[in-house]
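What the coordinates show
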Amino acid sequence: MSFGHRVERGYAVVALRGDVDLARSPDARALILQCLEQKSDLLVDLSEVDYIDSSGVASLVEGYQMAKKEGLKFGLIGVSEAALSVLKLARLDQVFPIHADLDARLLDDG
Amino acid sequence: MSSVSDRMLTSDPVVEVENLVAHYGSHKVLDGVNLTVNAGEIHIIMGGSGSGKSTLLRHLLGLRRVTSGRIRLLGHELDGVHRSELQELRKQIGVSFQGGALLSSMTVGENVTLPLREHTRLDESTMAIMARMKLEVVNLGGFEHFMPAQLSGGMIKRAALARAIVMDPKLLFFDEPSAGLDPVVSAELDELILRLREAMHMSIVVVTHELESAFRIADRMTVLDCGKILISDTADKVRNSANSRVQDLLNRRPRVEELDADAYLARLTGE
């Protein structure tokens, strides 16, 4: 699997990096869904993403939907400029909870 | 223009055409066409009916073999390209045809998903979300279960665009996006083309005869007339071109040709 994750202050944090495209988004999807299946609240760190295509964004959408069904927290952190422009195209910047980093998310969680 | 576009405009060409000659029978329709489209550029191919712009597009799509000359797309020579290489190339190229070319027996959603089924092995749910996202992008959210026959002309064009971009192509060909559309829908499509370039870093080639739309979105333009390129330059330089034929086209002035009496007589008598 080409992406890693860590557990930090109650969240599983999946760090995507480089190009998240047709070739690599199935790995991203599998990791996101695997973390959620383990009932972990989940943040996806996009700070090191150079490019994310629709298949990568679709994996995030699917993860968010699954988290909602399972009553788990979900969000994006460190959304790079490249990733943000793709999210904005489909107005998904208004759908996902987006925070600068884990600290900002925890502050919002209260 | 944003810094993102500026950066992309300096990249390598995505389309290179060298000295392209094409015939329909004995009639020469393209006569030594040279064309370069740079990465991240919105390039308009413009010209009146019979100018050769549709023929040029068909060659760029590999739908017709060249009489002579070279075409390179995304660095790949089209002539003699290996089948597997062509398949890979097609994954990176989207085409939105003038009439939409949606399959009438499939729903809009199935039409949009088609390239994903053909070219990827993505999970079914991923493909469905990707198709719905692209329908949202073209303002057709919620129309996935409609049949093409239930859509208006503008909606069919947008659905065709959704299908053309579902694979996030590096290079998008868009044939006559404004034809037959009212001015508001046409302006919306132009806006969408600009957003696609910005967000997805697409290089976009638009074939059109609609001047207003062309100047709204063009970085550079190529103007064809009678199979030859009159000018290929930035939109501003085309607008201010001293070439009288270019100005005739921009100002919708009819062509005034000197009559060759002998040739005319020969045409009429079939000799």
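Figured I'd write up the structure that's included with this text.

Rules of the game
Throughout this document, residue positions are counted from 1 along each chain, in the order its sequence is written. Working convention: letters from A go to chains and numbers from 1 go to ligands, in the order in which they are written. Reporting of local features is limited, given that this is a predicted model, to residues whose pLDDT is at least 70; pairs of side-chain atoms are given and counted only at 80 or more, and all residues count toward the totals for whole chains, interfaces and linings. No hydrogens and no water enter the side-chain calculation; it runs on all heavy atoms of the structure. Only C-alpha atoms enter the line fits that serve as axes; for helices the fit covers just the stretch in contact. Angles between N-to-C directions range over 0 to 180 degrees. Numbering goes from the N terminus for both helices and strands, where a helix is a DSSP run of H or I of at least four residues and a strand is a run of E of at least two. Orientation categories follow fixed angle ranges, with anything under 35 degrees roughly parallel, anything over 145 roughly antiparallel, 65 to 115 roughly perpendicular, and all other angles oblique. The handedness criterion is simple: a crossing whose near helix is rotated anticlockwise from the far helix by less than a right angle is left-handed, and one whose near helix is rotated clockwise is right-handed. By definition in these notes, contact holds between two residues if any of their heavy atoms fall within 4.5 Å. Charged residues are taken to be Asp, Glu, Lys and Arg, nonpolar residues to be Ala, Val, Leu, Ile, Met, Phe, Trp, Tyr, Cys and Pro, and polar residues to be all remaining types, Gly included. Two strands pair under a simple rule: DSSP has to find at least two bridges between them. Computed over the protein atoms alone on a 1 Å grid, cavities are sets of points where a 1.4 Å probe fits but cannot get out and pockets are open sets with protein on both sides within 12 Å along at least five of seven lines; a residue lines them when it has an atom within 4 Å of a point. Grid points are joined across faces, edges and corners, and a volume is the space filled by probe spheres set on the points. A simple way to read buried area is as the amount of 1.4 Å-probe accessible surface that goes missing from two parts once joined, with both sides added. Identification of polar contacts relies on pairs of N or O atoms within 3.5 Å, with a donor-acceptor requirement for protein atoms, meaning one able to donate a hydrogen and the other able to accept it, and with residues adjacent in sequence counted only if both atoms are side-chain atoms.

**Remarks on the packing of helix H4 (residues 108-119) of chain B against helix H6 (residues 153-165) of chain B**
Residues and elements named next belong to chain B.
- One can describe the packing of H4 onto H6 by two numbers: an axis separation of 7 Å at closest approach and a directional angle of 30°. What the angle tells us is that H4 and H6 run roughly parallel. Considering how the two elements wind past one another, H4 and H6 form a crossing that is right-handed. For the pair H4 and H6, contact is made by Val108, Asn111, Val112 and Pro115 and by Ala159, Ala162 and Arg163, respectively.
- A class-by-class count of the residues in the contact of H4 with H6 yields 5 nonpolar, 1 polar and 1 charged.

**Remarks on the sheet that holds strand S1 (residues 4-8) of chain A**
Residue and element names in this part refer to chain A.
- A sheet is described by the order of its strands in space; here 5 strands give the open sequence S1-S2-S3-S4-S5, paired in mixed fashion. Only two strands of the sheet have a single partner each, and these edge strands are S1 and strand S5 (98-99).
- Of the strand pairs in this sheet, strand S4 (residues 74-77) and S5 are connected by 2 bridges, and their pairing is parallel. Within the sheet, the bridge partner assigned to Leu76 lies in S5 and is Ile98.

**Some remarks on the packing of helix H2 (residues 54-70) of chain A against helix H5 (residues 124-137) of chain B**
- In contact at an axis separation of 9 Å, H2(A) and H5(B) are set at 105° when each is read in the N-to-C sense. Taken together, the axis directions place H2(A) and H5(B) in an arrangement best described as roughly perpendicular. Packed against H2(A), whose contacting residues are A:Ser54, A:Ser55, A:Val57, A:Ala58, A:Val61 and A:Glu62, the element H5(B) presents B:Ser125, B:Thr126, B:Ile129, B:Met130, B:Met133 and B:Lys134 at the interface.
- Looking at the contact of H2(A) with H5(B), its residues break down into 6 nonpolar, 4 polar and 2 charged.

**Looking at the layout of surface pockets**
- Looking at the largest pocket, its volume works out to about 850 Å³.
- Looking at the lining of the largest pocket, the elements with two or more residues in it are helix H2 (53-60), strand S4 (68-73), helix H3 (83-91), strand S6 (93-96), H4 and H6 of chain B.
- When grouped by side-chain class, the residues that make up the lining of the largest pocket number 20 nonpolar, 7 polar and 9 charged.
- As for the second largest pocket, its lining consists of 25 residues, and the residues nearest its centre are A:Tyr51, B:Gln92, B:Asp168, B:Pro169 and B:Lys170.
- In terms of residue class, the lining of the second largest pocket is made up of 11 nonpolar, 7 polar and 7 charged.

**Observations regarding unusual backbone geometry**
- Despite not being glycine, A:Lys39 shows a phi value in the positive range, around 60°.
- Along the chain, the position of A:Lys39 falls in the loop between helix H1 (25-37) and strand S3 (41-52).
- The phi torsion at B:Asn19 lies on the positive side, around 50°, for a residue other than glycine.
- Within the secondary structure, B:Asn19 sits in strand S1 (residues 13-24).

**Regarding the interface of chain B and chain A**
- Each partner contributes residues to the interface: chain B has 17 residues there, and chain A has 18 residues.
- Where chain B abuts chain A, roughly 1,500 Å² becomes buried across the two surfaces, and 67% of that area is made up of carbon and sulfur atoms.
- One can count 9 residue pairs in polar contact (both at pLDDT 80 or more) joining chain B with chain A.
- If you list the elements that add at least two residues to the side of chain B that touches chain A, you get H5 and helix H7 (183-200) of chain B.

From the geometry alone we can't say anything about function, so treat these as descriptive.
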